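Each chain, letter by letter, is given below.
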Amino acid sequence: MDDMLRSDESHTSVASERRRYDRPDPPITADPLASPSRSSGRVFGDSVSDQKLLLALVGLIAVTLVCGTLFVASSLFVPIVIATLAYLSLRPIAARMCHWGLSQTVASGLLILGIFVTLGIVAGMLYSPAQTWIASTPDSISKIKANFSAIEEPLTVLDRAEEELDKASPTAKQEPTVEVSVKKPRILDRSVLINKTGRFLAFIAAVAVLTFFMLSSGDDLLNRVLNVMPDEHSRHELLNKIGDIQESVGKYLAQITFINVGLGIVVSLVMWAIGMPTPVLWGVLATLFNFIPYVGALAATAFVFMAAASTFDSLLRPVLTAAAFWSITAIEGQFITPSILGKTLRVGPVIVLVAVAFWGFLWGIPGIFVAVPLLIVQRKIFASFQLTYPLAAVLGEDACRVGQECDPIKEDKPIAETA
C-alpha cells in the first residue's frame, strides 16, 4: 500500500515538473535605453552614449573605406571629378549659347574645341622656351654650382675636417667600402618623356570626352533623376542644391582663372623688365602654380630663383628676381584675390592647406589643383543637411542658418574675449 502511494506521488511530481518545463517562457522585451542598474550585465549599445559611439565608429569605417577606394581607383575617379567640375563651370556658358539658337551638342562641341585651341596656342608659345631651357640644362647646373660656391665652400671645409677627425680617431675601424649604384632613367630620357606625354594626352582626352558628354546630355541624366523623386518639393529642393553648387564652383573657377591670367601677364612684364630669358614661360608658370593656394606661390618662386641662378653670374640678381616674383604673388594673394572672391572662398588657410595635402596624397598633382573646388562642393553638400551643417560651418558656411537665431563669434574678436 505504501509502495502504491509513493508511486502515485512520484507520478504526480514528475507530471508537475513536466508541466512546469513545458510552460512557454515569458517574452523578453529589449529596452535599448535601459540603465545598467536594471540588468545584471551591461551590453554595448544599451545607452544613448554607446549608440553615438557606435555610430561614430561606423562613420569612421565608412570614411576610411571611401578614402581607400578613392586612392586605389584614382585613375577612374580623377577624370570624372575634373570633368564634373568643368561641367559645372561651363554649363551656364553652354546654356547661353543654346539661347542663341545653337543645339546643346553643337554648343558643347564649340566649347571643348575653344578650350583645346587655347591650350594649343599656349603650348605652342611655350614649346620653344621650354626646349631652350632643356637644351641648356648641363650649362645651367654648372652655373648654379658656381653661384653657390661661396656658400658651398665653408660647408666643404667642415665636411673635410670631420673626415680627418674620423680618420685620426683610434677607435675608427677600417671597413671595406661597398659601392652600390642603381641605374635610373634620366628625367630627360626620351622613353620617359614619351611615356609621360602619352599618359598625359590620354588623360586630357578622357577628361575632354567626359566633359563633352556631360554638357551635351547631362540635363537628360538630371531629368531622369528628377523623375524618380517622390514629389515636386523634393525636385525643387534638389534643383536648388545643384544650382547653388554650380554657381559657387563656377564663380570661383571663373574668378580665380581671370586673376591668375592677370597675374601671369604682370609677371611676364616684370621678368622681361628684369632681363630674365623667356618671360612668357614664367608668366604661365605663375598662372598655373597660383591655382594651388599658398604653396603654389612658394614653389613657383623657388623655380624662378633656380632659373635666375642659372642665368645670371652673381647670386644677388637671382635673389632680387625671386624677391620681385614673390612680391607680385604676395600682393595678389593678400589684396586682389580676397577683394574679388569675397564670400566665395571663406575658408581659413589651415583648412585649405589640409585639403591640398589630403587630395594631393590621394590623387597627386591633379588632386592638388582640384582641392579647393572640391572643398567648396563639400561645403555646399554638408550645408544641405541638418546633421552635417556644423561641418559646413567649419568649412566657411554661415554659422547661423537662415531663420535661425544665434550669436556667432566675430572674426575680429580674440578667442580669449569670447570665453
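The model shown is predicted, which means the values in this text are computed figures rather than measured ones.

A. Looking closely at the overall build of the chain. A tally of helices and strands in the chain yields 16 helices and zero strands. Looking at the chain as a whole, 26% of its 419 residues qualify as buried. Contacts spanning at least 24 positions in sequence make up 62% of the contacts within the chain whose residues lie at least 6 apart. Summing over all exposed atoms, the chain offers an accessible surface of approximately 29000 Å²; the carbon and sulfur share of this is 67%.

B. Structural context of helix H11 (residues 316–341). If you check H11, its first and last C-alpha atoms are 36 Å apart, about what 26 residues at 1.5 Å a residue would give, namely 38 Å. When the local axis directions of H11 are compared, the greatest deviation, roughly 35°, occurs at Gly-333. By the burial criterion, the buried members of H11 are Pro-318, Thr-321, Ala-322, Phe-325, Ile-328, Thr-329, Glu-332, Thr-337 and Leu-341. Buried residues belonging to H11 abut helix H8 (232–274), helix H9 (279–289) and helix H10 (295–309).

C. Representation of H8. For H8, spanning 43 residues, the distance from its first C-alpha to its last is 62 Å, which sits close to the expected 63 Å at 1.5 Å a residue. Trailing H8 by a residue or two, Gly-275 shows a phi angle of about 110°, which is positive.

D. Local environment of the confidence of the model for the chain. Per-residue pLDDT for the chain has a mean of 77; in total, 69% of the residues score no lower than 70. Within the chain, H9 carries the highest mean pLDDT (91), whereas helix H16 (residues 415–418) carries the lowest (48). For the stretch residues 28–41, pLDDT sits under 50, and the model shows ten contacts to residues farther than four places along the chain or on other chains. Here residues 415–419 is a poorly scored stretch, pLDDT under 50, and it has two contacts once near neighbours within four places are set aside; other chains count.

E. Examining the packing of aromatic side chains more closely. What the rule picks out here adds up to five aromatic pairs. Each ring, one from Phe-71 and one from Phe-361, has its centre 5.8 Å from the other, and the planes form 15°; the classification is stacked. Placement of Phe-71 in helix H2 (residues 48–72) and of Phe-361 in helix H12 (residues 349–363) is noted, with a sequence separation of 290 residues between them. The exposure class assigned to Phe-71 is partly exposed, which follows from its relative accessible area of 43%. Consider the rings of Phe-289 and Phe-303, whose centres lie 5.7 Å apart with planes at 65°: the pair is edge-to-face. Placement of the pair is Phe-289 in helix H9 and Phe-303 in helix H10, with a sequence separation of 14 residues. Lys-241 extends its terminal NZ or CZ atom over the ring of Phe-385, reaching a point 4.8 Å from the ring centre.

F. Spatial organisation of the side chain of Asn-260. Inspection of the secondary structure assignment puts Asn-260 in helix H8. The class for Asn-260 is buried, based on a relative accessible area of 0%. The residues touching Asn-260, leaving out its near neighbours within four places in the chain, are Thr-287, Asn-290 and Phe-291.

G. Geometry of unusual backbone geometry. A positive phi is found at Thr-278, a non-glycine position, where the angle reads about 45°. On the secondary structure map, Thr-278 appears in the loop between H8 and H9. Non-glycine residue Tyr-294 carries a positive phi angle of around 65°. Relative to the assigned elements, Tyr-294 resides in the loop between H9 and H10. Using a relative accessible area of 46% as the deciding quantity, one classes Tyr-294 as partly exposed.

Each value, and the rule that gives it
Residues numbered from 1 in each chain as written. Predicted model: local features only at pLDDT ≥ 70, side-chain atom pairs only at ≥ 80, totals over all residues. Heavy atoms only, no water. Helix = DSSP H or I, 4+ residues; strand = E, 2+ residues; numbered from the N terminus. Buried < 20%, exposed > 50% of the residue type's maximum accessible area, 1.4 Å probe, protein only. Contact = heavy atoms within 4.5 Å. Areas by Shrake-Rupley, 256 points an atom, 1.4 Å probe, with all protein chains shown as cover. Expected span 1.5 Å × (residues − 1). Bend = angle between axes of the 7 residues up to and from the residue. pLDDT = per-residue confidence, 0-100. Phe/Tyr/Trp six-rings, centres within 6.5 Å; stacked < 30°, edge-to-face > 60°. Lys NZ or Arg CZ within 6 Å of the ring centre and 35° of its normal.

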